[in-house]
Amino acid sequence: QVQLVESGGGLVEAGDSLRLSCAASGRTFSRYAMGWFRQAPGKEREFVSAISWSGGTIYHADSVKGRFTISRNNAKNTVYLQMNSLKPEDTAVYYCAADRGVGYASKNQLDYHYWGQGTQVTVSS
């Protein structure tokens, strides 16, 4: 069982930066691939970024490439999403997710089994 708790969301202006954190419970965090997804009002949840168990494989959605960076610290059981040059269209609830322990990064939310409660990111224009 893995429990995920996101933090770091907030209200910022366009062009600002935020860093989201996702703290995971359990001693086997390093086995899990981790992902970030987001859901804007009235829209379906979409993929943002993913990272493999080792950090060796990383994916980003085209909409955030060059602006967002995913990273992880297995010693701290934490995955991060550094978000730079934020745009109003980045406004959404951001969710952290962990797979079942397979460890391979995936863009498909169906590959993720554990989800956090989400953190709101609002970017004003």
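So, a few notes on the structure that sits alongside this text. All figures in this text were calculated on a predicted structure; none of them were measured in a lab.

**Digging into the sheet that holds strand S7 (residues 68-73)**
Where strands meet in a sheet, backbone hydrogen bonds hold them as pairs that are either parallel or antiparallel.
So, step 1. Strand order in the open sheet formed by four strands is S1-S3-S8-S7, and the pairing between neighbours is antiparallel. Two strands lie at the open edges of the sheet, namely strand S1 (4-7) and S7, each paired on one side alone. Each strand of the sheet is rotated relative to its neighbour by a mean of 15°, with strand direction disregarded.
So, step 2. Two elements, S1 and strand S3 (residues 18-24), share four bridges in a ladder whose sense is antiparallel. Looking across to S3, one finds that serine 7 is bridged to serine 21.

**Topic: the nonpolar core**
So, step 1. Ranked by size, the top nonpolar core spans 35 residues in total, and within it Leu4, Met34, Trp36, Val79, Leu81, Met83 and Tyr94 carry the most contacts.
So, step 2. Residue assignment for this core shows that the elements contributing at least two residues are S3, strand S4 (34-39), strand S5 (46-51), S7, strand S8 (78-83), strand S9 (92-99), strand S10 (112-115) and strand S11 (119-124).
So, step 3. No other element matches the five residues that S9 contributes to this core.

**With respect to the state of the cysteines**
So, step 1. Applying the stated criterion to the full structure yields one disulfide.
So, step 2. Disulfide pairing is shown between cysteine 22 and cysteine 96; the S-S distance is 2.0 Å. In this structure the cystine formed by cysteine 22 and cysteine 96 twists about its S-S bond by roughly -75°; its chirality is therefore left-handed. A residue pair is termed long-range when its members are at least 10 positions apart, and cysteine 22 in strand S3 and cysteine 96 in strand S9 qualify at 74 residues. For the pair cysteine 22 and cysteine 96, one class covers both residues: buried.

Calculation notes
- Residues numbered from 1 in each chain as written.
- Predicted model: local features only at pLDDT ≥ 70, side-chain atom pairs only at ≥ 80, totals over all residues.
- Heavy atoms only, no water.
- Pairing = 2+ DSSP bridges.
- Helix = DSSP H or I, 4+ residues; strand = E, 2+ residues; numbered from the N terminus.
- Axes fitted to C-alpha atoms, helices over the stretch in contact; angles between N-to-C directions.
- Core = buried A, V, L, I, M, F, W, Y, C linked by side-chain atoms within 4.5 Å.
- Buried < 20%, exposed > 50% of the residue type's maximum accessible area, 1.4 Å probe, protein only.
- Disulfide = S-S within 2.5 Å.

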